[in-house]
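Fold and contact review
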Amino acid sequence: MSNTVNTIDEDLVAEQEAKRQYEFIELCKEQYKKDVEAAGRDLKFHVTTFGCQMNARDSEKLAGILDAIGYVEVEEEKDADFVIYNTCTVRENANNKVYGRLGYLQNVKKKNPHMKIALCGCMMQEPQVVEKLKKSYRFVDLVFGTHNIFKFAELLYQSMTSNKMVVDVWEDTKQIVENLPVERKYSFKSGVNIMFGCNNFCSYCIVPYVRGRERSRKPEEIIAEIERLVADGVIEVMLLGQNVNSYGKGLAEEISFAQLLERIEKIEGLERIRFMTSHPKDLSDDLIAVMAKSKKICKHIHLPLQSGSTEILKKMNRHYTKESYLALVSKIREAIPDVAITTDIIVGFPGETEEDFQETMDVVNTVKYDSAFTFIYSKRTGTPAAKMENQVPEDVIKDRFDRLLALVQQHGREHAEALEGTVQNVLFETPNEHDDSLVTGRLDNSSVVHVKASKDLIGKILPVRLVECKGFYYMGELA
Ligand code: SAH
Ligand code: SF4
Ligand code: F3S
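Residues numbered from 1 in each chain as written. Chains lettered and ligands numbered in written order. Predicted model: local features only at pLDDT ≥ 70, side-chain atom pairs only at ≥ 80, totals over all residues. Heavy atoms only, no water.

All right, on to the pattern of salt bridges then. Pairs can form between side chains of opposite charge once their charged atoms are near each other. Counted by the stated rule, this structure contains 36 salt bridges. Asp141 serves as the salt-bridge partner of Lys109, at 2.8 Å between the closest nitrogen and oxygen. Residue Lys109 is located in helix α3 (residues 92-111), and its partner Asp141 is located in the loop between α4 (127-136) and β5 (142-144); the two are separated by 32 residues in the primary sequence. The two residues Lys109 and Asp141 agree in class, both being buried. (Salt bridge = Lys/Arg side-chain N within 4 Å of Asp/Glu carboxyl O. Helix = DSSP H or I, 4+ residues; strand = E, 2+ residues; numbered from the N terminus. Buried < 20%, exposed > 50% of the residue type's maximum accessible area, 1.4 Å probe, protein only.)

Spatially, β12-β13-β14 is the arrangement adopted by the three strands of the open sheet, whose pairing is parallel. The open sheet has two free edges, formed respectively by β12 (300-302) and β14 (371-376), since each of these has just one partner strand. The average angle at which neighbouring strand axes cross in this sheet is 10°, direction not considered. With six bridges joining them, strand β13 (residues 340-347) and β14 adopt parallel strand pairing. Within the sheet, the bridge partner assigned to Thr343 lies in β14 and is Ala372. Contacting β13 and β14, helix α13 (residues 394-418) runs over the sheet at an angle of about 175° to β14. (Pairing = 2+ DSSP bridges. Axes fitted to C-alpha atoms, helices over the stretch in contact; angles between N-to-C directions. Contact = heavy atoms within 4.5 Å.)

For the rest of this paragraph, the subject is the side chain of Glu429. For Glu429, the location among the structural elements is in strand β15 (residues 423-431). If sequence neighbours within four positions are ignored, Glu429 has contacts with Phe188, Lys189, Thr440, Gly441, Arg442 and Ile458.

Turning our eyes to something else, we now look at the site of ligand 1. If you check the shell around ligand 1, you find 15 residues, and the closest are Gln242, Pro304, Gln306, Asp344 and Ser378. Here Tyr204 contributes a backbone N or O atom positioned 3.0 Å from a nitrogen atom of ligand 1. In isolation ligand 1 exposes 540 Å². Once the protein is present, 89% of that is buried. Of all the secondary-structure elements, those providing two or more residues to the shell around ligand 1 are β13 and β14. Residue composition of the shell around ligand 1, grouped by class: seven nonpolar, four polar and four charged. (Near = heavy atom within 4 Å. Polar contact = N/O pair within 3.5 Å; in protein donor to acceptor, adjacent residues only side chain to side chain. Areas by Shrake-Rupley, 256 points an atom, 1.4 Å probe, with all protein chains shown as cover. Nonpolar A, V, L, I, M, F, W, Y, C, P; charged D, E, K, R; others polar.)

A few words now on helix α2 (residues 53-69). Here α2 spans 25 Å end to end across 17 residues, near enough to the 24 Å set by a 1.5 Å rise per residue. Extensive coverage of α2 is indicated by the burial of 12 of its 17 residues. The complete set of buried residues in α2 reads Met54, Asn55, Arg57, Asp58, Ser59, Glu60, Leu62, Ala63, Gly64, Ile65, Leu66 and Ile69. (Expected span 1.5 Å × (residues − 1).)

With that out of the way, let us pick up the pairing of strand β18 (residues 461-469). Judged from the five bridges that link them, β15 and β18 form a sheet pairing that is antiparallel. Note on β18: the bridge partner recorded for Leu427 is Ile461. Two strands pair when backbone bridges link them, and β18 and strand β19 (residues 473-478) are joined in this way by five bridges, in the antiparallel orientation. For Cys469, the partnering residue across the bridge sits in β19 and is Tyr474. Hairpin remark: β18 followed by β19, antiparallel, with three residues in the connecting loop; positive phi at Gly471, about 100°.

Moving on: the site of ligand 3. For ligand 3, the full set of nearby residues is Cys52, Asn55, Cys88, Thr89, Val90, Cys122, Arg211 and Gln242. Of the residues in the shell around ligand 3, the class split is four nonpolar, three polar and one charged.

Pairing is mixed around the closed barrel formed by five strands, whose spatial order is β15-β16-β17-β19-β18. The average angle at which neighbouring strand axes cross in this sheet is 50°, direction not considered. As judged from the five bridges shared by β15 and strand β16 (residues 438-443), these two strands associate in the antiparallel manner. When the bridges of β16 are listed, Thr430 appears paired with Thr440.

Further remarks concern the environment of Asp67. You can see Asp67 is positioned in helix α2. Here the alpha-carbon distance between Asp67 and Phe45, two residues 22 residues apart in the chain, equals 8.7 Å. If we skip the residues at most four places from it in the chain, Asp67 touches Phe45 and Glu183.

The terminal C-alpha atoms of helix α7 (residues 219-231) lie 18 Å apart, and with 13 residues this matches the ideal 18 Å at 1.5 Å per residue to within 8%. Tucked inside the fold, the buried residues of α7 contact α2, β7 (189-193), β10 (236-240) and α8 (257-265). With its phi angle positive at about 105°, Gly233 sits one or two positions after the end of α7.

Relative orientation of the contacting elements α3 and α4 amounts to 10°, with a least axis distance of 13 Å. Here α3 is positioned roughly parallel relative to α4, judged by the angle of their axes. Of the residues in α4, those in contact with Asn95, Tyr99 and Leu102 of α3 are Val129, Lys132 and Leu133. Partitioned by chemical class, the residues of the contact of α3 with α4 number four nonpolar, one polar and one charged. (Parallel < 35°, antiparallel > 145°, perpendicular 65-115°, else oblique.)

Moving on, we come to the nonpolar core. If you look at the biggest cluster of nonpolar residues, it comprises 68 residues, and the most contacted ones within it are Ile226, Leu239, Phe257 and Ile264. Membership of the second largest hydrophobic core comes to 27 residues, among which are Tyr32, Val36, Leu62 and Val166. (Core = buried A, V, L, I, M, F, W, Y, C linked by side-chain atoms within 4.5 Å.)

To continue, consider the environment of Tyr209. By the secondary structure assignment, Tyr209 is in helix α6 (residues 207-211). A C-alpha to C-alpha distance of 7.9 Å links Tyr209 and Gln125, two positions 84 residues apart in sequence. Among all residues touching Tyr209, those that are not within four sequence positions of it are Phe201, Gly382, Thr383 and Pro384.

Attention now goes to the state of the cysteines. Counted under the stated rule, the structure contains zero disulfides. Free of any disulfide, Cys28 has its nearest neighbouring cysteine sulfur in Cys120, separated by 15 Å. Residue Cys28 is classed as buried on the basis of its relative accessible area, which comes to 0%. (Disulfide = S-S within 2.5 Å.)

Here a ring pair, both rings aromatic, is described through the centre-centre distance and the interplanar angle of the planes. With the rule as written, the count across this model stands at 15 aromatic pairs. Note on Tyr99 and Tyr137: the rings are 5.6 Å apart at their centroids and 35° apart in plane angle, and the pair reads as tilted. Remark: Tyr137 occurs in the loop between α4 and β5 and Tyr99 occurs in helix α3; sequence separation between them is 38 residues. Taken individually, Tyr99 and Tyr137 each receive the classification buried, so the pair is uniform in this respect. Centre to centre, the rings of Tyr204 and Phe349 are 6.4 Å apart; their planes meet at 85°, and the pair counts as edge-to-face. Highlighted residues: Tyr204 in the loop between β8 (195-196) and α6 and Phe349 in the loop between β13 and α12 (354-367), separated in sequence by 145 residues. For the pair Tyr204 and Phe349, one class covers both residues: buried. Over the ring of Phe375 we find Arg91, and its NZ or CZ is 3.8 Å from the ring centre. Taking the ring centre of Tyr99 as reference, the NZ or CZ of Lys132 above it sits at 4.0 Å. (Phe/Tyr/Trp six-rings, centres within 6.5 Å; stacked < 30°, edge-to-face > 60°. Lys NZ or Arg CZ within 6 Å of the ring centre and 35° of its normal.)

The values reported here are purely geometric and, on their own, carry no functional implication.
Below you can see the structure in the form of structure tokens.
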């Protein structure tokens, strides 16, 4: 399917859809009152999120609707009457975790007659998963996917008024339904979707199959949402997309990611802008220029490498080479000298030889990332890489993984130590879990610092001296 521009008719349909969902919220409210009467107490909900920032943002949308209906949020899953798992399927172990936890939930449900269990997110887009649930996990009440999450209120109403398992998973959608309720986890920062889906089809990756084709939100919708967030106390936004650098494709108005950033920068009251994720193949000179002169965009780029071997990158369908990646890093560092660069790396892609792995180590040694997420290749059914020959043996992967991890951790520590003693701007985010006198915050580059300070500072950005580097985090004091 090609990426098409939303027509006026489609806009109208999306608007009517939002209205319809608000009607279902009203119906759910009435049903909720009846359920509360029957139970003799308030009913509680808990959303468990697996996977990436997109899922975290989706979970806030689910919580927003449950909250609007009247359900009370609880911290512990075991105390909830409505439990929803927002799942991830990017690697096999993400799936296994969900099945394991469902086994435990079944026992909890036996003791609570008011309990409902719902599953949504990327894993539900895999037909074999839904089949397995229908066959062996009949105690699950509601199953839906990523494309129809906007229908949550409607599906919830169906589930509230029936004892049967409700299943509704779509193959794809072009719709973007705006302005449904959202309940933010933090009052002062928020994720903001700028696009959905992915068109890149990296050969190992399941995301394009479970999140559908790339669709950008209109700039005016994004700006309006951020303005509303800022009016509501948000000072930091994280712009979300699988490949933010290709933002704008298919929109009626011609706009690039760099131009979108420039518009967002103008929003008064907004202090920090982050974004995730930046595909190296589409990172433009304009973006570098906008970042270099910006006062609000954090000097941090997450630039997934995946592999340092040009041969493997080709098989991964990444559309860059070792050399072009390194040239891009040099260009970024030249324009933004104090930039933090982080990455994702996969070890053990099919056919990866020791020489290929050494190319990865070489890039890591050259770039010296501030931090890196390292992953063991996971075979995902339906992706081209799953059918490739020369899958690498487990013990070989493990040995490479350990060597890579040691190297990225060494660089991480070196970067962290280099900032010891300096004063950095810190957004105070949460009370420290272990020590009540400390508040935990984040630097521009996302590193964590614990500071002896009043909780009243939460939600504010203030200068902090990084007194002591503790490896990957700091102890600091107000400067
Ligand atoms: N859109 C982002 C990545 C989203 S998935 C990007 O292109 O950078 C996050 C990370 O999971 C990827 O960067 C990749 O390193 C890892 N990943 C994806 N599929 C994987 C697989 N099959 N096995 C192991 N790691 C994988
Ligand atoms: Fe997956 Fe590649 Fe899309 Fe990222 S860009 S989500 S790795 S297919
Ligand atoms: Fe996982 Fe889906 Fe994100 S597969 S990584 S939750 S897009």
